[in-house]
There are 4 protein chains.
Amino acid sequence: MAESTNSVADLPELRPSSYADQVYGHVLQDILKGGFPPGSRLPSESELCDRFGVSRPVIRDALARLRLDGLVEARRGSGTYVLTTPSRSLPDLANLTDISRFLRYQELRLCVEGNAAALAAERRTDKALAEIVEAHEQFSSQVARGLFLPESDRRFHLSIADATGNEFFSLALEGPDVSLSGFMNVSLSLTRSGSPARARKVIGEHADIVEAIRNKDPVWARVAMESHILQARRRMTNGALDP
Amino acid sequence: MAESTNSVADLPELRPSSYADQVYGHVLQDILKGGFPPGSRLPSESELCDRFGVSRPVIRDALARLRLDGLVEARRGSGTYVLTTPSRSLPDLANLTDISRFLRYQELRLCVEGNAAALAAERRTDKALAEIVEAHEQFSSQVARGLFLPESDRRFHLSIADATGNEFFSLALEGPDVSLSGFMNVSLSLTRSGSPARARKVIGEHADIVEAIRNKDPVWARVAMESHILQARRRMTNGALDP
Amino acid sequence: MAESTNSVADLPELRPSSYADQVYGHVLQDILKGGFPPGSRLPSESELCDRFGVSRPVIRDALARLRLDGLVEARRGSGTYVLTTPSRSLPDLANLTDISRFLRYQELRLCVEGNAAALAAERRTDKALAEIVEAHEQFSSQVARGLFLPESDRRFHLSIADATGNEFFSLALEGPDVSLSGFMNVSLSLTRSGSPARARKVIGEHADIVEAIRNKDPVWARVAMESHILQARRRMTNGALDP
Amino acid sequence: MAESTNSVADLPELRPSSYADQVYGHVLQDILKGGFPPGSRLPSESELCDRFGVSRPVIRDALARLRLDGLVEARRGSGTYVLTTPSRSLPDLANLTDISRFLRYQELRLCVEGNAAALAAERRTDKALAEIVEAHEQFSSQVARGLFLPESDRRFHLSIADATGNEFFSLALEGPDVSLSGFMNVSLSLTRSGSPARARKVIGEHADIVEAIRNKDPVWARVAMESHILQARRRMTNGALDP
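It should be emphasised that the depicted structure is a prediction, and the values quoted were computed from it without experimental measurement. (Residues numbered from 1 in each chain as written. Chains lettered and ligands numbered in written order. Predicted model: local features only at pLDDT ≥ 70, side-chain atom pairs only at ≥ 80, totals over all residues. Heavy atoms only, no water.)

Participant: Tell me what's going on with the relation of the copies chain D and chain B, and back it up with residues and numbers.
Facilitator: Of the transformation superimposing chain D on chain B, the axial component is 0.1 Å and the angular component is 180°, with the fit at an RMSD of 0.1 Å. Interpreted geometrically, this transformation is the action of a two-fold axis. Proximity to the rotation axis, assessed at the C-alpha, singles out G77 of chain D in chain D; its C-alpha lies 3.2 Å from the axis. Interface overlap between copies is the fraction of interface residues in one copy that are interface residues in the other; for chain D against chain B it reaches 100%, indicating a shared surface. (Least-squares fit on C-alpha atoms with pLDDT ≥ 70 in both. Contact = heavy atoms within 4.5 Å.)

Pasting the structure below:
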């Protein structure tokens with residue numbers, strides 16, 4: 001990959017966009033446009049059925065996904081309320097079903113990469129550590145020059161998965177239709193469009209992970225990796241870009 | 001898959017068997033044949049170098065993998081000692097690098113399926129629960145008739161991954177060269193060759209997982225799944241077949 | 001403690017029984033007497049307010065605690081439904097607020113003892129292991145003779161907490177008003193009043209924990225301990241006594 | 001407590017300082033004074049026996065504790081090497097056995113408070129959230145005025161433990177001889193003596209925890225709390241005071 005791009009054209013098409021995904025996308029777009037600020041109530045299930053001309057289970061699926069993604073919450077006997085406004089630059093970067101898929105992928109990464117980081121801290125050889133450090137330094141120096149290359153971010157994360165000595169961790173993160181760098185493109189687009197402070201924060205999170213693995217501290221390595229992945233998710237779904 | 005088989009011919013060939021894997025296999029075979037009972041000391045690194053005609057890093061890799069697999073332990077300043085004798089029926093069932101690969105795959109499953117079970121307990125719809133229950137009942141009734149079908153075991157585990165509502169969990173468990181049923185064949189071969197008590201224990205572990213997901217108890221679901229996967233690993237590496 | 005007793009007189013009185021605890025106790029008693037079988041719906045919040053002459057927040061607190069304890073579940077827009085019937089011998093063994101307190105205490109134990117078991121597996125000296133094994137064998141041989149002594153069960157669990165080398169783990173489990181053996185009395189009463197199969201199951205769970213710590217396997221030690229504590233909770237809240 | 005103090009006189013005296021603790025303290029002091037920079041090798045076990053006039057098991061205990069505290073590591077067949085230099089201002093703030101005890105206490109807090117934060121996010125009432133927010137704002141505004149009051153920090157952490165609805169979490173954190181504020185004094189002394197950036201970092205970590213609990217996100221709440229506790233430990237054992 002030559003350098004970072006604005007499109008997410010290489011995001012996997014895992015399955016045809018379902019009705020629920022389309023409803024998800026439309027509601028998300030309404031939230032993004034400011035039609036539903038944080039704290040406001042979404043239309044009722046039957047109003048949404050009417051508006052989109054779909055059945056109630058489809059609406060329920062879409063609302064469930066919005067809840068899973070932390071964008072809305074259900075309040076007992078009252079309805080569904082907006083919790084946060086995702087970053088407004090999102091719709092320029094990614095189509096809306098990609099965002100939902102990105103958030104689900106982060107959920108898998110949280111457990112696979114959190115465990116991989118802990119195992120890497122326990123088992124890493126000096127050679128494996130050297131590869132992690134080199135990947136970290138390459139990515140950092142590129143970011144310092146304003147380059148946000150998904151392939152370099154991917155290389156850093158896979159070097160940690162490989163340091164476990166268990167090839168199944170990297171296999172779990174990528175497949176024929178799933179590539180880390182595809183998803184990282186979404187995330188890095190936000191970082192690039194954000195402030196220098198945001199870029200420094202990403203690099204600082206990577207540095208924490210490297211330090212924990214260098215120090216052979218599996219508890220800290222797991223928490224540092226989980227924290228990094230959750231912060232990436234949060235950078236996507238919170239409105240403010242700093243930091 | 002028509003029915004259970006004795007071969008593991010469908011186990012994935014992820015990469016050519018390395019020197020370290022071959023050494024691993026030979027040492028494991030010696031342990032299996034009773035050459036090194038639990039508590040005995042393995043030859044030193046330099047003796048193993050001479051015996052296999054390979055360099056010291058290769059021997060270290062092989063010993064590290066035996067330690068990871070819980071078969072031996074290093075004692076500071078003293079050497080490497082055998083901890084357990086794997087099931088003696090293993091070499092008839094699987095070639096030896098398959099066993100090492102099986103054990104590494106279980107390590108991935110522990111985190112991916114443990115998390116999937118917890119999320120399934122939180123989010124499962126009635127429909128998803130019905131599919132889990134049906135897969136469980138099919139597998140149980142087959143086992144009661146003496147049939148141990150990897151495909152049925154796989155279906156049970158994937159029905160839980162799917163109940164998360166996040167397609168990436170099942171994608172993480174299988175890939176173009178990795179299939180759950182391939183690995184389950186190894187595990188089920190042992191169960192089949194074991195006592196009826198062992199088969200009942202496997203079914204009981206599945207029933208615990210189903211009950212936890214039915215009760216929407218994510219903590220219990222995670223622990224029940226992790227316990228099941230660790231017990232499967234233990235059934236492979238402990239000598240006794242009961243239960 | 002001379003030997004096991006039927007009372008739980010040594011259970012700590014942490015705070016005066018609140019209104020919510022009293023309502024909890026009455027509803028639990030109704031469930032125990034068979035007034036509300038699994039699947040049945042509890043009276044509405046306002047009916048419960050009228051019946052007990054208390055305000056709605058008190059009722060909500062009591063229902064929340066029943067939900068936390070896994071005895072009932074809320075179904076959206078429909079009400080509160082009974083999930084399980086706790087063991088019918090419970091009311092003879094313990095007063096009802098004790099049960100609620102027991103269940104909350106198990107929640108703390110799950111995290112403190114799960115972690116302690118993992119750390120014990122990593123760090124245990126031969127001396128610490130010998131103490132764990134001795135406590136395990138004492139308890140097992142007593143149970144084989146029909147004796148269920150809370151003090152012996154407590155000694156087993158504290159020997160694991162001490163094997164961490166960190167005195168704060170045992171301090172977290174007991175305090176001036178909280179004693180492990182007080183709570184174990186509740187749990188052991190159920191085991192004693194149950195079948196021999198139930199007693200064997202408890203001993204088998206202890207044996208798994210000992211084996212994992214002996215093998216220096218922190219992952220297995222944690223899961224074995226968590227599984228044991230969850231099974232104890234389940235033995236308390238499920239109706240069937242076997243096993 | 002009127003206001004923050006420089007002494008840790010209120011740290012609990014749990015047991016008489018053992019020989020191993022004294023050796024631990026002396027070696028730590030040597031490291032602090034720069035006698036053993038990161039990467040250097042400590043004297044051998046027998047040299048340490050001679051120097052301190054104690055038996056080998058005492059030396060081993062002390063080295064084991066230094067390893068547990070992340071200050072040194074053992075390298076197979078080579079010796080014990082220094083990993084980090086703790087903050088140089090430590091010896092003015094705390095006597096050396098206090099530091100070791102602080103680090104062991106953080107290990108307990110990691111699991112108890114990590115779990116408490118997750119449960120608080122799941123169960124918190126609006127009233128419980130209001131108490132967390134108030135404690136957070138009080139502590140933040142005090143820190144902004146240069147006041148680092150252990151009692152305010154303690155109140156923040158206990159408000160989260162209380163939001164679980166399970167009184168055993170706060171009981172596990174404190175006892176007749178253990179008080180959160182005693183330990184926080186050590187930690188806050190370092191923060192106070194550090195840069196304004198360090199104080200802002202502590203407040204930012206608290207804010208992350210509050211946000212996760214407000215958003216009812218148990219996964220994020222756990223990771224944010226664990227990250228905060230690990231960062232506190234790291235602020236104690238790393239040499240640099242910024243940030």
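Participant: Please set out the relation of the copies chain B and chain A residue by residue, giving values where relevant.
Facilitator: The operation relating chain B to chain A is a screw motion whose rotation component is 180°, with 0.1 Å of axial translation and a residual RMSD of 0.1 Å. The fraction of interface residues of chain B whose copies in chain A are also interface residues reaches 100%, indicating that both copies meet through the same surface.

Participant: How would you explain helix α6 (residues 126–144) of chain A if you had to name every residue and give the values?
Facilitator: Residues and elements named next belong to chain A. For α6, with 19 residues, the first-to-last C-alpha span of 27 Å sits near the 27 Å given by 1.5 Å per residue. Restricting attention to buried positions, one finds in α6 the residues A128, L129, I132, V133, A135, H136, F139, S140, Q142 and V143. Remark: G146 follows α6 within two positions and exhibits a positive phi of approximately 85°. (Helix = DSSP H or I, 4+ residues; strand = E, 2+ residues; numbered from the N terminus. Expected span 1.5 Å × (residues − 1). Buried < 20%, exposed > 50% of the residue type's maximum accessible area, 1.4 Å probe, protein only.)

Participant: Let's hear about the interface of chain B and chain A: which residues, and what values?
Facilitator: Listed by partner, the interface residues are 23 residues for chain B and 23 residues for chain A. Note on chain B versus chain A: buried area summed over both sides is about 2100 Å², and carbon and sulfur give 67% of it. Applying the counting criterion to the chain B and chain A interface returns 4 salt bridges. In this structure, R104 of chain A and E167 of chain B form a salt bridge, with 2.9 Å as the shortest nitrogen-oxygen distance. Our count for the chain B to chain A interface comes out at 8 residue pairs in polar contact (both at pLDDT 80 or more). Of all the elements in the fold, those that place two or more residues in the side of chain B that touches chain A are α5 (96–123) and α8 (168–173) of chain B. (Buried area = accessible area lost by both parts, 1.4 Å probe. Salt bridge = Lys/Arg side-chain N within 4 Å of Asp/Glu carboxyl O. Polar contact = N/O pair within 3.5 Å; in protein donor to acceptor, adjacent residues only side chain to side chain.)

Participant: Any details on the confidence of the model for chain A? Residues and values, ideally.
Facilitator: Residues and elements named next belong to chain A. Of all residues in chain A, 79% attain a pLDDT of 70 or more, and the chain-wide mean is 79. No element of chain A has a lower mean pLDDT than helix α4 (residues 90–93), which averages 51, and none a higher one than α6, which averages 95. A low-confidence stretch, residues 1–17 (pLDDT under 50), is modelled with 46 contacts involving residues beyond four sequence positions or located in other chains. Confidence over residues 239–243 falls short of pLDDT 50; this stretch has 15 contacts with residues more than four positions distant or in other chains. The ipTM, which scores confidence in the relative placement of chains, is 0.73 for this predicted complex, and the corresponding pTM is 0.77. (pLDDT = per-residue confidence, 0-100.)

Participant: If you had to explain the interface of chain D and chain B to someone new, which residues and values would you point to?
Facilitator: At the junction of the two partners, chain D supplies 5 residues and chain B supplies 5 residues. Both sides of the chain D and chain B interface together cover about 310 Å² of buried area, and 30% of this is carbon and sulfur. Here chain D is connected to chain B by 0 salt bridges. Our count for the chain D to chain B interface comes out at 0 residue pairs in polar contact (both at pLDDT 80 or more).

Participant: Account for a positive patch on the surface, with residues named and values stated.
Facilitator: A contiguous patch of positive charge, built from R67 and R76 of chain A together with R67 and R76 of chain C, is present on the exposed surface. Tracing the backbone shows R76 of chain A in the loop between β1 (72–75) and β2 (79–82). (Patch = residues over 30% accessible without salt bridge, like charges linked within 9 Å, V, L, I, M, F, W, Y side chains within 5 Å. Areas by Shrake-Rupley, 256 points an atom, 1.4 Å probe, with all protein chains shown as cover. Lys, Arg positive; Asp, Glu negative; His and termini not counted. Charge placed at Lys NZ, Arg CZ, Asp CG, Glu CD.)

Participant: Tell me about the pairing of β1 of chain A, and please be specific about residues and values.
Facilitator: Where β1 of chain A lies against β2 of chain A, 4 bridges are found, and the strand directions are antiparallel. If you follow V72 of chain A over to β2 of chain A, its bridge partner there is V82 of chain A. (Pairing = 2+ DSSP bridges.)

Participant: So, the side chain of T164 of chain B: which residues are in play, and what are the values?
Facilitator: For T164 of chain B, the position within the fold is in the loop between α7 (150–162) and α8. Setting aside residues up to four positions removed in sequence, T164 of chain B forms contacts with A116, L119, A120, R123 and F169 of chain B.

Participant: Which residues make up the pattern of salt bridges, and what are the values?
Facilitator: One pass over the structure, following the stated rule, counts 55 salt bridges over all chains. Across the pair E73 of chain B and K216 of chain C runs a salt bridge whose closest N-O atoms are separated by 4.0 Å. Placement of E73 of chain B in strand β1 (residues 72–75) and of K216 of chain C in the loop between α10 (196–214) and α11 (218–237) is noted, with the two residues assigned to different chains. Taking the relative accessible area as the measure of exposure, E73 of chain B reaches 14% and is therefore buried. Looking at K216 of chain C, the relative accessible area reads 40%, which means it is partly exposed. With its nearest N and O atoms 3.2 Å apart, the salt bridge here joins R124 of chain B to D126 of chain B. R124 of chain B sits in the buried class, given a relative accessible area of 9%. The exposure class assigned to D126 of chain B is exposed, which follows from its relative accessible area of 61%.

Participant: Describe the packing of aromatic side chains, listing the residues and the values that go with them.
Facilitator: Per the counting criterion, the structure on display carries 4 aromatic pairs over all chains. A cation sits over an aromatic face here: R75 of chain A above Y81 of chain A, 4.0 Å from the ring centre. (Phe/Tyr/Trp six-rings, centres within 6.5 Å; stacked < 30°, edge-to-face > 60°. Lys NZ or Arg CZ within 6 Å of the ring centre and 35° of its normal.)

Participant: Hey, could you go over the environment of S78 of chain B for me, with residue numbers and the actual values?
Facilitator: Residues and elements named next belong to chain B. Within the secondary structure, S78 is located in the loop between β1 and β2 (79–82). For the pair S78 and D162, spaced 84 residues apart in sequence, the C-alpha to C-alpha distance is 48 Å. Of the polar contacts made by the side chain of S78, one reaches the side chain of Y81; its length is 2.7 Å.

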